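Chain residues, written in single-letter form:
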Amino acid sequence: TRVLGPDRRPGVIEMRTLLICLLILGLPSTLARAEPIVPDPNDWFKNQYAPPWKDVPWNHVDEISEFYAETIGVHSPGNTDPKVSSRPWLAQIINNWKSDGWISSILVKSQSDRLNHSTVLFKAKWLDLYSDGSEELSCGWYMADLFRDRWLVVEYAEIECKDHQL
């Protein structure tokens, strides 16, 4: 004997059950989509931020500047204005380095310290390559904040590698 819904019409209970199952199965995926996906900051630094620096960086100034907030803090000796517009600042330092014979930088090592959900500090060691075949190690400190589900550098300082265990 077949058990049917209260109104005893064939197919009624099956349709209700199907509708309930679809709602239950669809609800978690809807909730999952409602939560923003926050990119892992270490993956972001290594796999997105670092690569444009190793392949003719002066051709990627626009791409590189997308990793920076519009205005950033630059902490360096003799800097009279610690807040700068990131795009012109990047273009200037990249051109200065290029005129010194610099051709690229390869990320050697990075360390991170997540301060909270939306702020991460990075220390990075770079291998700088020059047109005369010479190489140099340099290090930097970066603070990145999460804006609209994207990490953006908001502060930068050149640091001594040996002083920071890099």
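In this report, the structure presented in the accompanying data block is examined.

Rules behind the numbers
Residues numbered from 1 in each chain as written. Predicted model: local features only at pLDDT ≥ 70, side-chain atom pairs only at ≥ 80, totals over all residues. Heavy atoms only, no water. Helix = DSSP H or I, 4+ residues; strand = E, 2+ residues; numbered from the N terminus. Disulfide = S-S within 2.5 Å. Buried < 20%, exposed > 50% of the residue type's maximum accessible area, 1.4 Å probe, protein only. Phe/Tyr/Trp six-rings, centres within 6.5 Å; stacked < 30°, edge-to-face > 60°. 1 Å grid on protein atoms, 1.4 Å probe; cavity = no way out; pocket = protein on both sides within 12 Å on 5 of 7 lines; lining within 4 Å. Points joined across faces, edges and corners; volume = space filled by probe spheres on them. Nonpolar A, V, L, I, M, F, W, Y, C, P; charged D, E, K, R; others polar.

## Notes on the environment of Glu-160
Then step 1. Looking at where Glu-160 falls in the secondary structure, it is placed in the segment after strand S6 (150-159).
Then step 2. As a C-alpha pair, Glu-160 and Leu-137 span 23 residues in sequence and 9.6 Å in three-dimensional space.

## Here we look at the state of the cysteines
Then step 1. What the rule picks out here adds up to one disulfide.
Then step 2. Disulfide partner of Cys-139: Cys-161, at an S-S distance of 1.9 Å. An S-S torsion of about 110 degrees defines the bridge between Cys-139 and Cys-161 as right-handed. Of this pair, Cys-139 sits in strand S5 (residues 135-147) while Cys-161 sits in the segment after S6, and the two are 22 residues apart along the sequence.
Then step 3. The buried category is assigned to Cys-139, whose relative accessible area is 3%.

## Topic: the packing of aromatic side chains
The relation between two aromatic rings is expressed through the spacing of the ring centres and the mutual angle of the planes.
Then step 1. Taken as a whole, this structure holds 20 aromatic pairs when the rule is applied.
Then step 2. Relative to Tyr-142, the ring of Tyr-49 lies with its centre 5.7 Å away and its plane at 70 degrees, an arrangement referred to as edge-to-face. Within this pair, whereas Tyr-49 is found in helix H2 (residues 41-49), its partner Tyr-142 is found in strand S5, the two being separated by 93 residues in sequence.
Then step 3. Among the residues examined, Tyr-142 registers a relative accessible area of 4% and is labelled buried.
Then step 4. Where Trp-89 meets Tyr-156, the ring centres are 5.7 Å apart and the plane angle is 55 degrees; that geometry is what we call tilted. Here Trp-89 is found in helix H4 (residues 86-99), whereas its partner Tyr-156 is found in strand S6, with 67 residues between them in sequence.

## Some words on the layout of surface pockets
Gaps left between atoms are located by rolling a probe of water-molecule size over the structure's atoms.
Then step 1. There is about 330 Å³ of room inside the largest pocket.
Then step 2. Considering the residues around the largest pocket, the lining is formed by 20 residues, among which Trp-97, Ser-105, Asp-128, Ser-138 and Tyr-156 are closest to the centre.
Then step 3. When contributions to the lining of the largest pocket are tallied by element, the ones reaching two or more residues are H4, strand S3 (102-116), strand S4 (119-130), S5 and S6.
Then step 4. By residue number, the principal contributor to the lining of the largest pocket is S5, which donates six residues.
Then step 5. Tallied by class, the residues present in the lining of the largest pocket amount to 13 nonpolar, three polar and four charged.

Remember, this is a structural readout, not a statement about activity or role.
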